[in-house]
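The residues making up each chain are set out below.
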Amino acid sequence: MSSDRGALRALRVAALLLAVWMAFFGLEATMSAALSPNPSGSHRALFEIDFAIAVLWASFSPFIALWHKHARASAVTLVGLIALHVPLLVVASLVDCAFTRWLVIVVTGAPPAVAFAATLVHYADFDLVSYFAVVAVAEALLVRRAGVARARIAQRLETSLGRARLEYLETQLQPHFLFNSLGAVSELAFDAPATAHRVLQHLISIFRTALATKSDEITLGEEILGIEPYLDIQRIRFADWLSIEYDIDDGAVDCVLPRFVLQPLVENAIRHGLSGRNAPGTIVISAAVNDGVLKVRVTDNGVGLVSSSGSSGRGIGLTNVRDRLAILYGDDERLRLMSNATGGAIAELTIPARRRPTASADEVPGAVAISDAELRSLRVPTLLQRPVVAIGVSWFAFGLLWTQQSYVYDMIRGPAGSRSFVQIAGVDMTSAFIWALLTPVVLAVARRYPLRRGNAMLGGLAYLIAGMFTTFVHGAAFQQTTARTIPLASPQWEDTFAVGFVIFMILITIGHREVFLEWLHEREADAVALTAELAEAQNRATSLRTIPVVLLDALDGIAATVRRDPSLTERQLTRLADYLRLALECGDARGLTPERKNALDAAVVALRDIGAHSENSTLSQTLTRSA
């Protein structure tokens, strides 16, 4: 399946490359035909030649892009990167020249009018800007792919951060739940030691299940099975006073929801709804799926929201549930407390109805990794680090290349000295100077109006029109500055317009690279911030992670004592409550400070001394090892 996707993606890229080059050379052929003073059947030959050259450059492009990727990872300086591209540029120019001359022979049946060297020099500037256009696009795509890769990293960090927060909230909820159960064990230890032992066994079962369950979400059926030990505890405590009923639709059983979410709702119903009743009470746990939404209700027939004290839903248990729902499903109001029309209250949980996924969410199709070496910063001379200077120097160098090209072409075509080097330089440097003035404007437009997925077609058309307009403006300014008398609508301007249009597109691509680079830096900053936040969340979770382990060991010790020594059991429960208070404090922003470590060590020693803890290591050592 992945190989098929890769082949399809490669086919789309090849088709896009061919379409872009065909569009450009088609535009150039149309312009040549429009500027030609003698419309004839030669226009067809012109289109055939241009479209064949488009196929050639479409074939060149992947190799140039791959070479740029390799050169980008190898080069240390900007000059070194340019030097690495020179050999491939020469090869591409030679192949383009030979291929074009062969096409002229095949299509027209006549040999080229000029020598190979003249053809090579004549098209040197076009080959240069075409090659550089591919490099510019490849560089922009490298930056964009790096931004996408960093965004995926940030997304994974956000997922990890959410899981760390969930782990913290779930681990925080377990000691809170145990606090509310220790009183029942203490009461039963004197009157019914065997029953107290059963309650402790149920508590041990609850914590073993919590330690064994690793997923953020479980099915409703698994959640109901998981809270059965807790419900058994309540049935033991209120044997003649409480009944618990179920009304679960078959379609809701395999829907997923946050683990350990029903227990706080049931506990809230008992403590705030049924505690004020003088008669036996009933709690109904119901669930149904309607219109893609899972609704789980815990309904009691108690005193209702108005009469119950502390029933605002702001306790640790319900606040914890709301926080976990916000992490998993967003900030919508997923948990509501409302009055029951027949008396009592209803706690309603509303979440999307989803089944357990079959594939990992981390398996993101089309994920692209990119090494840092491919985009490491190149050493640029200090002088060129200022944009204005970089633009001026770049166009001065390009003007010199234009001058050299024109001079060599004149040397090959005609008698030496027909135009002096200074005369040629005056013309070509003027063209470069005009482009130097236009460059900041084009770059600003590209940064202000970048192409995005939603505006690609309209934006591309706008850039096409802007490119033709800018090229015409350059030509007109060049004509006026150099006092050339040749009309703009003449074949002599064809090469100037073609090269100018490619230059415009290169500048637009460079502007997009800057936009992508800013986006990349933002994603990197997000990743750094998320990494720091994740580390803090993990530290907070770590400081609570060993609590269930210590609780299990302590509950085992207390379970061994409860049947034979109620007084010792009561003291053990007091020490365990002291430990819980101290351990829960470590989950705040301060974390496990030296003072808290000492207090925890003392609490664990007290547990061990009274026979409720068998581990020889102190709690701070255990927490430090797991951090």
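The sections below set out a description of the structure shown in this document. (Residues numbered from 1 in each chain as written. Predicted model: local features only at pLDDT ≥ 70, side-chain atom pairs only at ≥ 80, totals over all residues. Heavy atoms only, no water.)

What about a nonpolar patch on the surface?
Now for step 1: A cluster of nonpolar side chains, contributed by I82, V86, V90, L94 and F116, occupies part of the molecular surface with about 400 Å² of accessible area.
Now for step 2: Sorting elements by how many residues they give to the nonpolar patch places helix α3 (residues 78-108) first, with four residues.
Now for step 3: Considering the arrangement of structural elements, one finds V90 in helix α3.
Now for step 4: We classify V90 as partly exposed; its relative accessible area is 42%. (Patch = residues over 30% accessible without salt bridge, like charges linked within 9 Å, V, L, I, M, F, W, Y side chains within 5 Å. Areas by Shrake-Rupley, 256 points an atom, 1.4 Å probe, with all protein chains shown as cover. Salt bridge = Lys/Arg side-chain N within 4 Å of Asp/Glu carboxyl O. Helix = DSSP H or I, 4+ residues; strand = E, 2+ residues; numbered from the N terminus. Buried < 20%, exposed > 50% of the residue type's maximum accessible area, 1.4 Å probe, protein only.)

A word on empty space enclosed by the protein
Now for step 1: Inspection of every chain in the model, using the stated rule, returns two cavities of 30 Å³ or more.
Now for step 2: By volume, the second largest cavity amounts to about 50 Å³.
Now for step 3: Lining the second largest cavity are E28, H122, Y123, D125, F126, D495, A498 and V499.
Now for step 4: Of all elements in the fold, only α5 (124-191) and α14 (494-545) reach the threshold of two or more residues within the lining of the second largest cavity. (1 Å grid on protein atoms, 1.4 Å probe; cavity = no way out; pocket = protein on both sides within 12 Å on 5 of 7 lines; lining within 4 Å. Points joined across faces, edges and corners; volume = space filled by probe spheres on them.)

So, the packing of helix α11 (residues 387-413) against helix α12 (residues 421-448)
Now for step 1: Between α11 and α12, whose axes approach to 8 Å, the crossing angle comes to 145 degrees. By crossing handedness, the relation of α11 to α12 is classed as right-handed. Residues I391, W395, F396, G399, L400, W402, T403, Q404, S406, Y407 and D410 of α11 touch α12, and the partners they reach there are F421, I424, A425, D428, M429, S431, A432, W435, A436, T439, P440 and L443.
Now for step 2: Its residues placed into classes, the contact of α11 with α12 shows 15 nonpolar, six polar and two charged. (Axes fitted to C-alpha atoms, helices over the stretch in contact; angles between N-to-C directions. Left-handed = near helix turned anticlockwise from the far one by under 90°. Contact = heavy atoms within 4.5 Å. Nonpolar A, V, L, I, M, F, W, Y, C, P; charged D, E, K, R; others polar.)

Considering the nonpolar core
Here is a general trend for soluble globular proteins: nonpolar side chains tend to be buried in one another's company.
Now for step 1: One finds L178, L262, I283, L576 and Y579 to be the most contacted residues of the largest nonpolar core, which totals 70 residues.
Now for step 2: The contacts of L576, once residues within four sequence positions are left out, are L178, L182, L551, A554, L555, I558 and L607.
Now for step 3: W21, Y131, W402 and A436 belong to the second-largest nonpolar core, a separate cluster that totals 47 residues. (Core = buried A, V, L, I, M, F, W, Y, C linked by side-chain atoms within 4.5 Å.)

Brief notes about helix α7 (residues 220-237)
Now for step 1: The end-to-end C-alpha distance of α7 is 25 Å, a good match for the 26 Å that 18 residues give at a rise of 1.5 Å each.
Now for step 2: Bending of α7 peaks at approximately 40 degrees at the position of E228, with proline P229 no more than four residues after it.
Now for step 3: Buried residues of α7: L220, G221, E223, I224, I227, P229, Y230, L231, I233, Q234 and I236, and no others. (Expected span 1.5 Å × (residues − 1). Bend = angle between axes of the 7 residues up to and from the residue.)

A look at α12
Now for step 1: Between the first and last C-alpha of α12 there are 40 Å, a value that for 28 residues agrees with the 40 Å anticipated at 1.5 Å per step.
Now for step 2: At L438, α12 shows its largest kink, close to 35 degrees, and the proline P440 lies no more than four residues downstream.

Digging into the pairing of strand β5 (residues 293-300)
Now for step 1: Bridge count between strand β4 (residues 281-290) and β5: eight bridges; the pairing is antiparallel. Looking across to β5, one finds that A287 is bridged to V296.
Now for step 2: Counting the residues that bridge the hairpin from β4 to β5 gives two residues, and of these D291 lies at a positive phi of roughly 55 degrees.
Now for step 3: Inspection of the sheet shows β5 paired to strand β7 (residues 345-352) by eight bridges, in the antiparallel sense. In the sheet register, R297 faces β7, and the bridge partner there is E348. (Pairing = 2+ DSSP bridges.)

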